[in-house]
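Residue strings, one per chain:
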Amino acid sequence: MKLYHGSNTGGIKILEPHLADHDRPYIYMTTIEIVSAFYICNAVDRPFYWFPYGFTKSGTPIYHELYPNALKEVSQNRHGYIYEVNAEESKMIPFKNIPCARLATAPLTVCDCKEIPDAYVYFMECNSNGKLEIGKFEDKTESELNRWYKMIYDILKEKNMALTPDCSYAKFVQNKFPQVWQQYINKESSTFILL
């Protein structure tokens, strides 16, 4: 099966498992090229991640902007690479909650690589040819935003980020979603009122 891996590192010939925020080192890949490109432009430092994407009913990837111009902010002028590997499906581990994601525990040889000089330009091209939808912040309902805010709140709570308020994810939330951070710190309910 053909799989894709997005990275900011060029010249990779063999993908190696790395430890992220899971129990053991993995290679993170996807069956959809555009999804791998999201991983070129993480808004927070590892081991944390900020990739608010999902899929339309027809299966097209959709990037959800949770503040104005979010996609442009995180991806413009971000340079990276999309690596392609051929892997035996039986040796890949499906990733919970993301149907197109696959994990590998053993090194994989790269068979092709596409350089992405500017991730935002790439995303706009994918959007114009129907391979990507962009869920604009301005088009989101209060209910939709509140669902996203609750997810952010739940991550803060799960990771107990009151103890690490200077980590990249906590700082990102404090900057972009101050109302969520305040409710978390004040131990208020995770029902949000948009400001």
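Let's shift gears to the packing of aromatic side chains. Taken as a whole and judged by the stated rule, the model has 21 aromatic pairs. Here F38 and Y53 contribute two aromatic rings whose centre-to-centre distance is 4.9 Å and whose plane-to-plane angle is 35°, an arrangement assigned as tilted. Taken together, the residues F38 in helix α1 (residues 33-38) and Y53 in strand β4 (residues 53-55) connect sequence positions 15 residues apart. With respect to burial, F38 and Y53 carry one shared label: buried. Here a set of aromatic residues connected by ring pairs shows up, and it is made of F38, Y39, Y49, F51, Y53, F55, Y63, Y122 and F123.

A few words on unusual backbone geometry. Backbone geometry follows two general trends: most residues other than glycine have a negative phi, and most peptide bonds adopt the trans configuration. P47 follows R46 through a cis peptide bond whose omega is 20°. Checked against the element boundaries, P47 lands in the loop between α1 and β4. Located in the positive-phi region is N160, a residue other than glycine, with phi close to 50°. In this fold, N160 is placed in the loop between α4 (142-158) and α5 (168-176).

Here the focus is the state of the cysteines. The tally for this structure, following the rule as stated, stands at zero disulfides. Of all cysteine sulfurs in the structure, the one in C111 sits closest to C113, which takes part in no disulfide; the separation is 10 Å. A relative accessible area of 37% places C113 in the partly exposed class.

Definitions and limits used
Here the residue index of a chain counts from 1 through its sequence in written order. The predicted nature of this model means local features are confined to residues of pLDDT at least 70 and side-chain atom pairs, given and counted, to a pLDDT of 80 or more, with totals for whole chains, interfaces and linings taken over all residues. To get the side-chain values, all heavy atoms of the structure are used, and hydrogens and water are removed first. Whether two aromatic rings pair depends on their centres lying within 6.5 Å, for rings of Phe, Tyr and Trp, where Trp uses its six-membered ring; planes under 30 degrees apart make the pair stacked, over 60 edge-to-face, and the rest tilted. Strands are runs of DSSP state E lasting at least two residues, helices are runs of H or I lasting at least four, and both sets are numbered from the N terminus onward. The cut-offs for exposure are 20% and 50% of the maximum accessible area for each residue type, with area from a 1.4 Å probe on protein chains only; residues under the lower value are buried, those over the upper are exposed, and the others partly exposed. Cysteine sulfurs are considered disulfide-paired once they come within 2.5 Å of each other.

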